[in-house]
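Given next are the chains, with one letter for each unit.
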Amino acid sequence: SWSTALEGASVPDPARRQFEDTIASGQILLVVDADDAEQLQRVEDAVIRTGARPLPYEAATAVS
């Protein structure tokens, strides 16, 4: 299972592909996945208070 996990880590996911230049420049990419819009807004507000900037990203889901 360990080798399977390593193989999966080498496959770029959609968020990593979209923000590859940001990551390559040494910036930290924090991806937050939440089902509750209110919870997501609280997290985004907290991240902004740290001085970070949110980057727009909407991933396709099984229901969208």
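Before reading on, note that the structure itself is shown above.
Residues numbered from 1 in each chain as written. Predicted model: local features only at pLDDT ≥ 70, side-chain atom pairs only at ≥ 80, totals over all residues. Heavy atoms only, no water.

## Looking at the overall build of the chain
Definition in use: Under the DSSP-based scheme used, a helix requires at least four consecutive residues in state H or I and a strand at least two consecutive residues in state E, with every element numbered from the N terminus. Buried residues are those whose accessible area, probed at 1.4 Å on protein chains only, stays under 20% of the maximum for their type, while exposed residues exceed 50% and partly exposed ones sit between those limits. Values of accessible area rely on a 1.4 Å probe in the Shrake-Rupley scheme; residue burial ignores everything except the protein chains shown.
Summing up its helical and strand segments, the chain has four helices and zero strands in all. Listed N to C, the secondary structure of the chain is α-α-α-α in terms of helices and strands. By the burial criterion, 5% of the 64 residues in the chain qualify as buried. Of the roughly 5,700 Å² that the chain leaves accessible, carbon and sulfur atoms contribute 54%.

## Re the environment of Ala15
Under the convention used in this document: Residues count as neighbours in contact if any of their non-hydrogen atoms are within 4.5 Å of one another.
Along the chain, the position of Ala15 falls in helix α2 (residues 14-18). Since its relative accessible area comes to 9%, Ala15 is described here as buried. Sequence separation between Ala15 and Val31 is 16 residues, and the spatial gap between their C-alpha atoms is 8.1 Å. Once you skip the residues sitting within four places of it in the chain, Ala15 turns out to touch Leu29, Val31 and Tyr57.

## Notes on the layout of surface pockets
Threshold: Each cavity reported here is a set of points on a 1 Å grid over the protein atoms alone in which a 1.4 Å probe fits but cannot get out, each pocket an open set with protein on both sides within 12 Å along at least five of seven lines, and each lining residue one with an atom within 4 Å of a point. Grid points are joined across faces, edges and corners, and a volume is the space filled by probe spheres set on the points.
In this model, the largest pocket occupies a volume close to 1,000 Å³. If you go around the largest pocket, you meet 30 residues; those closest to its centre are Leu30, Val31, Val32, Leu55 and Tyr57. Of all the elements in the fold, those that place two or more residues in the lining of the largest pocket are α2 and α4 (37-49). No other element matches α4, which puts five residues into the lining of the largest pocket.

## A word on the pattern of salt bridges
This is how it is decided: We define a salt bridge as a contact between a side-chain nitrogen of Lys or Arg and a carboxyl oxygen of Asp or Glu at a distance within 4 Å.
A full pass over the atoms with the stated rule returns one salt bridge. Linking Arg42 and Glu38 is a salt bridge whose minimum nitrogen-to-oxygen distance equals 3.2 Å. Taken as a pair, Arg42 and Glu38 lie in helix α4 at a separation of four residues, close to a single helical turn. Classification of Arg42 by relative accessible area gives partly exposed; the value is 49%.

Any functional reading would require information beyond the geometric quantities listed.
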